[in-house]
Amino acid sequence: MSKTPVRVAVAGALGRMGREMASAVHGDARLALAARFHRPGSIGEGLVSRDEALAVADLVIDFTTPAASADLASICAERGGPALVIGSTGFDAAELAVIADAAKTIAIVRSGSFSLGLNMLVGLVEQAARALDPGDWDAEIVEAHHRHKVDAPSGTALMLGHAAAGGRGIDLDTVARLARDGVIGARPTGEIGFAVLRGGSIIGEHSVSFCAEGETLTLSHAAGDRVMFARGANAAALWVAGRPPGEYDMRDVLGFNAS
């Protein structure tokens, strides 16, 4: 890595994670906080316009909204940079397609969670799902977040669902049960269920249970402070700076996907 600090712009600078990211970048000598910007028309607190921020940054760290992140990815691709670290969740298919298209031109790290512990959990869930016969073991995912979170299930819960489905060699969309209500009948074999809790100031709690007759295996992770996400995003920023175009995730950053 170059001794010159990587110049970082923080999007959504007035949001919870925007403020956390600005503090984390400022506190890391390997990074330089080059600019902070928020939605158009936001002024004060040292903010600049998006165009001003993109002009001085090597990469942008973005924890905003799916629509804003997709738009930012498109703008960065049109400019030929900077690179992106995206922590927004709740994307629809069209927004994901925009990001995938932008990744043909710029390097993008996108993840439903930037926690090291959580990404370890994803790997363990995939291994367990591969080893435990879905005919005998039911898979259920439970997640809890603060009252202000707008998407459900969380991006992290969906990461875990994809890991469980991947371990079983199937597509999550074909087996996911995102909600249950009323008289729904017996649980289908192989279904991957989701349950969502929202309340108070819960930062993030996720568990995956594999349930068989007579025993249950539960793998879980709890977030105690948003700083862990900021640390992970910093690691992603350092890793992706100077990388070739492509869409990467935290498993790439941590070396899990290395050949």
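Look up: the structure comes first, before these words.
Here the structure is a predicted model, which is why all the values come from computation and not from measurement.

Trainee: A description of the sheet that holds strand β11 (residues 246–248) should follow, citing residues and the corresponding values.
Mentor: Read across the open sheet, the six strands follow the order β2-β1-β3-β4-β5-β11; overall the sheet is parallel. The sheet terminates laterally at β2 (31–36) and β11, the two strands that pair on one side only. Strand-to-strand, the axes of this sheet are offset by a mean angle of 25 degrees, without reference to chain direction. As paired elements, strand β4 (residues 83–86) and strand β5 (residues 107–110) share three bridges and run parallel to each other.

Trainee: Please give an account of the sheet that holds strand β8 (residues 192–198) that cites residues and values.
Mentor: Two orientations exist for strands paired in a sheet by backbone hydrogen bonds: parallel and antiparallel. Spatially, five strands are ordered β7-β8-β6-β9-β10 in an open sheet, and the strand pairing comes out mixed. A single partner strand is all that each edge strand has here, and the edge strands are β7 (176–177) and β10 (215–223). Where helix α5 (residues 116–131) meets the sheet, its contacts fall on β9 (204–212) and β10, and the angle it forms with β10 comes to roughly 165 degrees. Lying over the sheet, helix α6 (residues 155–168) contacts β6 (138–145), β8 and β9, oriented at roughly 165 degrees with respect to β8.

Trainee: Can you lay out the layout of surface pockets for me, pointing to particular residues and giving the numbers?
Mentor: The volume enclosed by the largest pocket comes to roughly 1,200 Å³. Around the largest pocket sit 45 residues that line it, and Met17, Phe63, Thr64, Thr65 and Ser88 are the ones nearest its centre. A per-element tally of the lining of the largest pocket places helix α3 (residues 66–79) first, with four residues. Looking at the lining of the largest pocket, its residues break down into 15 nonpolar, 22 polar and eight charged. Taken together, 24 residues form the lining of the second largest pocket, with Arg110, Gly155, Leu158, Met159 and His162 sitting closest to its centre. If one sorts the elements of the lining of the second largest pocket by residue count, α6 sits on top with five residues. Grouping the constituent residues of the lining of the second largest pocket by class yields eleven nonpolar, eight polar and five charged.

The rules behind each value
- Residues numbered from 1 in each chain as written.
- Predicted model: local features only at pLDDT ≥ 70, side-chain atom pairs only at ≥ 80, totals over all residues.
- Heavy atoms only, no water.
- Pairing = 2+ DSSP bridges.
- Helix = DSSP H or I, 4+ residues; strand = E, 2+ residues; numbered from the N terminus.
- Axes fitted to C-alpha atoms, helices over the stretch in contact; angles between N-to-C directions.
- Contact = heavy atoms within 4.5 Å.
- 1 Å grid on protein atoms, 1.4 Å probe; cavity = no way out; pocket = protein on both sides within 12 Å on 5 of 7 lines; lining within 4 Å.
- Points joined across faces, edges and corners; volume = space filled by probe spheres on them.
- Nonpolar A, V, L, I, M, F, W, Y, C, P; charged D, E, K, R; others polar.

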